[in-house]
Amino acid sequence: MIETIQARLAAVRVPGPKYQVLSSAIVGAISAGEWKPGMRLPTEVELERKLPYSLGTIQKAYGELVKNGLVVRSRGRGSFVAPIRRRMSDPWYCRFLGDDGSVLPVYPRLVGHGVAEKNARLAQLFGKATKVITIDRVNSINDEFEVFSRFYSSQAIARSLVRLPREKVQTANFKLILLRELGLPITRVVHTIAQADARAWRKLSIRSRPHLVLEATAYTANGTVAYFQEIYIPPNRRKLLFDSELKGLEQS
């Protein structure tokens, strides 16, 4: 495997920091199928012995690959080529349009979940006594840019979501899960768009400064808030498609 990287580094000269040069060579090997999903990668120390890079540079390159979802780490076992990325099924809020008008593919990555800090907005939406859970995902839009998404819902609803297999939570349309798993149809969604508040996004796992924040509040038939979602969108050249038709979610 190391010989593959040595050959790529010798054949292709990529401008930029050393860690980016190395990570680009590894990405090339993965994209070309030379390194297959599930293959164990050389350790950082093994690469340091064979390549003209410091241990710090190699660790930073591996770190970038992990952040981008191309490499996964297992404690005590090492680093591995990640499984083939799965596209988000039926994206609802991240439907950016390509040059031909088609919806660009969305490759989601589950960041984690936790308990939301109490504030007036969440108390108004869910009630003061309700414990609110967050689920964070980072969505790569056609590998062009990343959109950070934070999903808020009551503990009763969110508990059912986080108990699902990680792969399902990572790629699923939450609205369809609420319907199919919990029998909870969404009948109305209210959207707002505003400039991203720097005080808010700096607390999140966002790599680049977002320009806009799309907020979506979803209601059930009796007017109860099923979930609230924040989608942080960086500057980009793509159009974002909105569609208010919800009939498919009521009976699908």
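Check the entry above for the structure.
A short tour of the structure in this document, coming up.

What counts and how
Residues numbered from 1 in each chain as written. Predicted model: local features only at pLDDT ≥ 70, side-chain atom pairs only at ≥ 80, totals over all residues. Heavy atoms only, no water. Helix = DSSP H or I, 4+ residues; strand = E, 2+ residues; numbered from the N terminus. Buried < 20%, exposed > 50% of the residue type's maximum accessible area, 1.4 Å probe, protein only. Contact = heavy atoms within 4.5 Å. 1 Å grid on protein atoms, 1.4 Å probe; cavity = no way out; pocket = protein on both sides within 12 Å on 5 of 7 lines; lining within 4 Å. Points joined across faces, edges and corners; volume = space filled by probe spheres on them. Nonpolar A, V, L, I, M, F, W, Y, C, P; charged D, E, K, R; others polar. Phe/Tyr/Trp six-rings, centres within 6.5 Å; stacked < 30°, edge-to-face > 60°. Lys NZ or Arg CZ within 6 Å of the ring centre and 35° of its normal. Salt bridge = Lys/Arg side-chain N within 4 Å of Asp/Glu carboxyl O.

1. Description of the overall build of the protein
Phase 1 of the analysis: If you tally the helices and strands in the protein, you get 10 helices and 10 strands.
Phase 2 of the analysis: Projecting the C-alpha coordinates of the protein onto the three principal axes gives extents of approximately 65 × 45 × 35 Å.
Phase 3 of the analysis: Among the 252 residues that make up the protein, the fraction classed as buried is 44%.
Phase 4 of the analysis: Here the contacts in the protein between residues at least 6 apart in sequence split such that 61% fall between residues at least 24 apart.

2. Quick word on the layout of surface pockets
Phase 1 of the analysis: Within this model, the second largest pocket holds a volume of roughly 580 Å³.
Phase 2 of the analysis: What lines the second largest pocket is a set of 22 residues, among which Asn119, Arg150, Tyr152, Lys203 and Glu230 lie closest to the centre.
Phase 3 of the analysis: Where the lining of the second largest pocket is concerned, the elements lending two or more residues are α5 (120-126), β6 (145-154), α9 (198-201), β8 (212-219) and β9 (225-233).
Phase 4 of the analysis: The biggest single contributor to the lining of the second largest pocket is β9, with 3 residues.
Phase 5 of the analysis: Looking at the lining of the second largest pocket, its residues break down into 10 nonpolar, 3 polar and 9 charged.

3. A word on the environment of Arg159
Phase 1 of the analysis: With respect to the helices, strands and loops of the structure, Arg159 is situated in helix α6 (residues 155-162).
Phase 2 of the analysis: Assessed through its relative accessible area of 36%, Arg159 is described here as partly exposed.
Phase 3 of the analysis: For the pair Arg159 and Asn173, spaced 14 residues apart in the sequence, the C-alpha separation amounts to 16 Å.

4. Considering the packing of aromatic side chains
Phase 1 of the analysis: Per the stated rule, a full pass over the model turns up 4 aromatic pairs.
Phase 2 of the analysis: Between Tyr152 and Phe228, the ring centres sit 5.5 Å apart and the planes meet at 35°, which makes this aromatic pair tilted. One end of the pair, Tyr152, is in strand β6; the other, Phe228, is in strand β9, and 76 residues separate them in sequence. The pair formed by Tyr152 and Phe228 is uniform in burial state, with each residue classed as buried.
Phase 3 of the analysis: One cation-aromatic arrangement involves Arg188 over Tyr219; the distance from NZ or CZ to the ring centre is 4.4 Å.

5. Considering empty space enclosed by the protein
Phase 1 of the analysis: All told, the structure shown has 1 cavity of 30 Å³ or more when counted by the stated rule.
Phase 2 of the analysis: If you go around the largest cavity, you meet 16 residues; those closest to its centre are Met88, Tyr93, Arg137, Lys175 and Gln229.
Phase 3 of the analysis: Listing elements by their share of the lining of the largest cavity, those giving two or more residues are β5 (132-141), β6, α8 (174-182) and β9.

6. Topic: the pattern of salt bridges
Phase 1 of the analysis: One pass over the full model with this rule turns up 7 salt bridges.
Phase 2 of the analysis: The partner of Arg73 in a salt bridge is Glu44, and the shortest N-O contact between them spans 3.3 Å. Taken together, the residues span a long stretch of sequence, with Arg73 in strand β1 (residues 71-74) and Glu44 in helix α3 (residues 44-50) at a distance of 29 residues.
Phase 3 of the analysis: Given a relative accessible area of 45%, Arg73 falls into the partly exposed group.
Phase 4 of the analysis: With a shortest N-O distance of 3.9 Å, Glu146 and Arg109 are connected by a salt bridge. Taken together, the residues span a long stretch of sequence, with Glu146 in strand β6 and Arg109 in strand β4 (residues 106-115) at a distance of 37 residues.
Phase 5 of the analysis: Judged by relative accessible area, Glu146 falls into the partly exposed class, the value being 24%.
Phase 6 of the analysis: Among the residues examined, Arg109 registers a relative accessible area of 22% and is labelled partly exposed.

7. As for the environment of Thr171
Phase 1 of the analysis: Among the structural elements, Thr171 can be located in helix α7 (residues 166-171).
Phase 2 of the analysis: Classification of Thr171 as buried rests on a relative accessible area of 11%.
Phase 3 of the analysis: Put simply, Thr171 and Pro91 are 80 residues apart on the chain and 9.0 Å apart in space, counted from C-alpha to C-alpha.

Interpretation note: all reported values are geometric properties and have no functional meaning in isolation.
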